[in-house]
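Structural characterization, general
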Amino acid sequence: MDMKQMLIDAYMKPLYDQNPTGELLERAKNLEAQLHAFGDQNPQSMDLVGDSGLRDVYNQLYMDVLSGQNTAAKAAEPDQPAWKMPTVGEFLSTYRHVYEASVREQKRPLTDQAYAKLFDVENRTDDLVEAQIIIEKEYLVLGTVTADYKAYAQEFAEAVDPNYEVTSAAMDATFGVYQTATSLDEITYMGEIASAVCDDLAVQLKVKVEMMQTLQALLFAWEHAKRKIREGEKMEDHARAMVVTRRKTRAYYRFLEEDMGITFDTIENTPFYRILMLNPEGLDALWRLKRIMHPDNLKAMRYVLFEEILSDKPLSEILMTAQPYAYYEAIDNRRYPEVQKEFLRIAEEENRDIPYFQKHLASEETSTLEGLMEKAGDMRRTIVDSIDAGVSALNGFAARSSFTTKRAPAVSAAVSKVIDKAAPTVSANSGAFQQAAGTMAKSAAKEVGKGLLRGLFRK
Amino acid sequence: MGYDLTKNIELYLLHAEHLREDLSPNQKQYYLDAAAWLGEQNFSTAEEAVAAMKQTPFYEGGALAKTADDIGIRIKAMKEVGYDDVAAIHQQRKEKFDAQGNGYVFSSAWLDDYKRAGAEAEKYARRKEVFGKIFAAYVQITGNPQGEYRKDAEADITAGIQELQTLGVTFDQLAGQPVYRNLTMTTDKGMVAFVDFVHRYLDGGPADTSLDDMQEEQDEIAAFVQAHKAELQAVGKNECWKNANCIAVPADNDEGYVYIAEKVVE
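Listed per partner, the contact involves 117 residues of chain B and 118 residues of chain A. Across the chain B/chain A interface, buried area totals approximately 10,500 Å², and carbon plus sulfur atoms make up 64% of it. Taken together, the connections running from chain B to chain A amount to 13 salt bridges. With its nearest N and O atoms 3.3 Å apart, the salt bridge here joins Glu186(A) to Arg20(B). For the side of chain B that touches chain A, the element with the most residues is helix α4 (residues 58-80) of chain B, which contributes 15 residues. Its residues assigned to classes, the side of chain B that touches chain A shows 61 nonpolar, 30 polar and 26 charged. Of the pairings in the sheet, the one linking strand β2 (residues 290-292) of chain A to strand β1 (residues 243-250) of chain B comprises three bridges and is antiparallel in character. The residue bridging Arg291(A) from the neighbouring strand is Ile247(B), located in β1(B).

Have a look at this one:
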């Protein structure tokens, strides 16, 4: 694909479609030559009009061509063909152009199906307004952008632990909009806040995990020291350590309760915190299933925290009182390697019917919590970029659809110069722009979009 | 084929139905008004309809409504996330659009302003990242007050403060704004403690938590366990000190999980 030529065609088509002659035609040709020269010298540019500084020149020429200043052309061509309402096929042609130029090559089956459904409207009716009603009722344009993301979101939702915020939070905050959106504007809105939401999540998840891991570690240290004292192993050292642990745990729990608003009740009533307190280790690629300490440990932790550590009881009294709840330390994998093998086998069995896990095996990169958080961060960035791309594409579609539908009764049929004045202003797209990241679409596409709209209503 | 006005009305009403009042108020109203206007007309051809519409505000109104809502969405979104400076730029765009209409949209100022808003949003993102890093380091130090365990976290705080300087802001400026404060999830008291900690840190650093004052208590308990060794071990016989693991499976219950495959070993 000659990207430069495609970009220039997208800019120039709306001008040439107006059949400029005389001075206007010369200006158009000069502009085209300038864009070619700039493109040759700057092959990396995806915004030829903007980067070359010719935006205002382009805009002025565009408005001159569209505003009917082409008096020479009018005089020379008195017998212009009468305006006619576009056919359904002509209406859909811009979508076809986008699909053929950039979407088809991405090989996304659900998106391909969504486009096929859109194009099939031509077989369902030859009435343009009826066609637009069908498209609107069945959200066919919206579907071309959301199809794959909805499927991805659903597949991912089935594979993650909805309580485990490391993997589920970003999905809940962002992709969910694709499931329920009925308009471009909803997706635009979500796209605008998605990045900020994900940035917040990255920090907050890290802090939440840190807090629970620290409290869990302190309570483990307390229990571990008690166990060693019971077993008669280095009793004095462990007793001294309990003095330090008690001081640190009191300070840390005060920090959690007073500075972060988190009590042990909060922890027990928040599934994410509960599971973090049980030292989870993932058993699949997304940590849907997790190896954890015995869940009864939470009873023991509550007991030792309130009845021992935070209490005023002397440590000697605490050590002389039997703990009523069992605290189970984790099974040592070196001594019992068969346990982990069994757990992995069970996890694979539990996940066997979940499509995501049929495609993605457990991997080294998510074998640790740090690795999982890294991957989740990557996924959050992917989500935001996807929403951004979806919004850009939809804006283009919306420009076309709103352009055609807003001009009813025959707005769907409105055409050329008349429509020019009210050209929708959202960024439009051509196939090339759909693929580009941020910069090109938002500037160049805007000008192009207006042209694409006009292309719908050829004389 | 004859011209069916009712279909256009149906299409307009459908558009209005699909648009949210809080996000697309101008477009929603446009479609409702346009449908009402059509309902009062009696066109026999599409060409006649187009010609008539050209003489009304409806002809350009759709695009104008779309643009107005597009800007409105961005103002709303930026206020939602606390990016007040970005919202202000979009508000300026709204005012320019209200005053100039498509004249503003077709100008280079339209894209320049849009890019300016994007650049401002990037600043927020960067500052949040650094502020969050400083807070995460503070949380880590809170759990590890002794110096030997907090060197990395201290380095993060130092680097974070320096980076804020290169971004042209101070820690105190950010700590005073909800968009950064809310990132921390702290209570009001907690935010005061965080800010105070950073101030003390910048003034020379809070002292390590000394263990010296625990020496006496530690000596006492060490002597106690030495003297009551047999009794302490006897107490252990009434307790359960086994090792165990199980698998947590997500479930739709109050706890959020069911537990399977419990393994217990001595």
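The rest of the description comes next.
On to the packing of helix α7 (residues 108-143) of chain B against helix α8 (residues 151-166) of chain B. A pair of packed helices is characterised by two quantities: the angle between their axes and the separation of those axes. Residues and elements named next belong to chain B. Where α7 contacts α8, the two axes come as close as 8 Å, and the packing angle between them is 155 degrees. By the angle class used here, α7 and α8 are roughly antiparallel. Pair α7 / α8 crosses with left-handed handedness. Taken together, the residues of α8 that come into contact with α7 (itself represented by Arg126, Val130, Lys133, Ile134, Ala137, Tyr138, Gln140 and Ile141) are Ala153, Glu154, Asp156, Ile157, Gly160, Ile161, Glu163 and Leu164. Among the residues forming the contact of α7 with α8, the class breakdown is nine nonpolar, two polar and five charged.

Another aspect to go through is helix α12 (residues 215-227) of chain B. Compared with an ideal rise of 1.5 Å per residue, which puts 13 residues at 18 Å, α12(B) spans 18 Å between its outermost C-alpha atoms and is within 8% of the ideal. Residues of α12(B) that are buried: Gln218(B), Ile221(B), Ala222(B), Phe224(B) and Val225(B). One face of α12(B) carries all of its buried residues, which in axial projection span an arc of 160 degrees. Along α12(B), the residues that are exposed and aim more than 90 degrees away from the buried face are Glu216(B), Glu220(B) and Ala227(B). Those residues of α12(B) that are buried lie in contact with α14 (235-259) and α18 (315-319) of chain A together with α13 (229-236) of chain B.

On to the side chain of Glu308(A). All names here are of chain A. Along the chain, glutamate 308 turns up in helix α17 (residues 297-309). In terms of polar contacts, glutamate 308 uses its side chain to reach the side chain of tryptophan 222, at 2.7 Å. Not counting residues within four places of it along the chain, the set of residues in contact with glutamate 308 comprises Trp222, Lys226, Arg246, Tyr303, Ile318 and Gln323.

With that settled, the discussion passes to the confidence of the model for chain A. All names here are of chain A. Model confidence for chain A is summarised by a mean pLDDT of 77, while 76% of its residues fall at 70 or above. Of all the helices and strands in chain A, helix α22 (residues 416-420) carries the lowest mean pLDDT, 24, while α17 carries the highest, 98. Low confidence marks residues 70-78, where pLDDT is under 50. Its contacts with residues over four positions away, or in another chain, come to 11 contacts. The low-confidence segment residues 396-459, where pLDDT is below 50, has 233 contacts with residues more than four positions distant or belonging to other chains.

Of all hydrophobic cores here, the largest spans 102 residues; its most connected members are Tyr164(A), Val166(A), Met211(A), Met277(A), Ile134(B), Phe171(B) and Phe194(B). Tallying contributions element by element places helix α13 (residues 184-230) of chain A first for this core, with 17 residues. Setting aside chain neighbours within four positions, we find Met277(A) in contact with Met212(A), Leu215(A), Gln216(A), Leu219(A), Phe264(A), Ile267(A), Leu298(A) and Met301(A). Core analysis: the next-biggest nonpolar cluster, separate from the first, contains 19 residues, Leu5(B), Tyr12(B), Tyr30(B) and Phe58(B) among them.

All names here are of chain A. Look at tyrosine 139: it is not a glycine, yet its phi comes out positive at around 50 degrees. Here the phi dihedral of tryptophan 287 falls at roughly 60 degrees; this positive angle occurs in a residue that is not glycine. Along the chain, the position of tryptophan 287 falls in the loop between β1 (281-282) and β2.

All names here are of chain B. When cut into domains, chain B gives domain 1 (5-106), domain 2 (124-202) and domain 3 (213-265). Using C-alpha coordinates to define each centre, domain 1 is positioned 45 Å away from domain 2. Contact between domain 1 and domain 2 buries roughly 370 Å² in total, counting both sides, with carbon and sulfur atoms accounting for 56%. When the buried surface of domain 1 facing domain 2 is broken down by residue, Gly82, Tyr83 and Asp85 rank first, second and third, together holding 83% of it. At the surface where domain 1 touches domain 2, the tally comes to zero salt bridges. Taken together, the residues of the side of domain 1 that touches domain 2 break down into three nonpolar, one polar and two charged.

Cut-offs and rules
Residues numbered from 1 in each chain as written. Chains lettered and ligands numbered in written order. Predicted model: local features only at pLDDT ≥ 70, side-chain atom pairs only at ≥ 80, totals over all residues. Heavy atoms only, no water. Contact = heavy atoms within 4.5 Å. Buried area = accessible area lost by both parts, 1.4 Å probe. Salt bridge = Lys/Arg side-chain N within 4 Å of Asp/Glu carboxyl O. Helix = DSSP H or I, 4+ residues; strand = E, 2+ residues; numbered from the N terminus. Nonpolar A, V, L, I, M, F, W, Y, C, P; charged D, E, K, R; others polar. Pairing = 2+ DSSP bridges. Axes fitted to C-alpha atoms, helices over the stretch in contact; angles between N-to-C directions. Parallel < 35°, antiparallel > 145°, perpendicular 65-115°, else oblique. Left-handed = near helix turned anticlockwise from the far one by under 90°. Expected span 1.5 Å × (residues − 1). Buried < 20%, exposed > 50% of the residue type's maximum accessible area, 1.4 Å probe, protein only. Arc of directions from axis to C-beta. Polar contact = N/O pair within 3.5 Å; in protein donor to acceptor, adjacent residues only side chain to side chain. pLDDT = per-residue confidence, 0-100. Core = buried A, V, L, I, M, F, W, Y, C linked by side-chain atoms within 4.5 Å. Domains from an automatic or database assignment.

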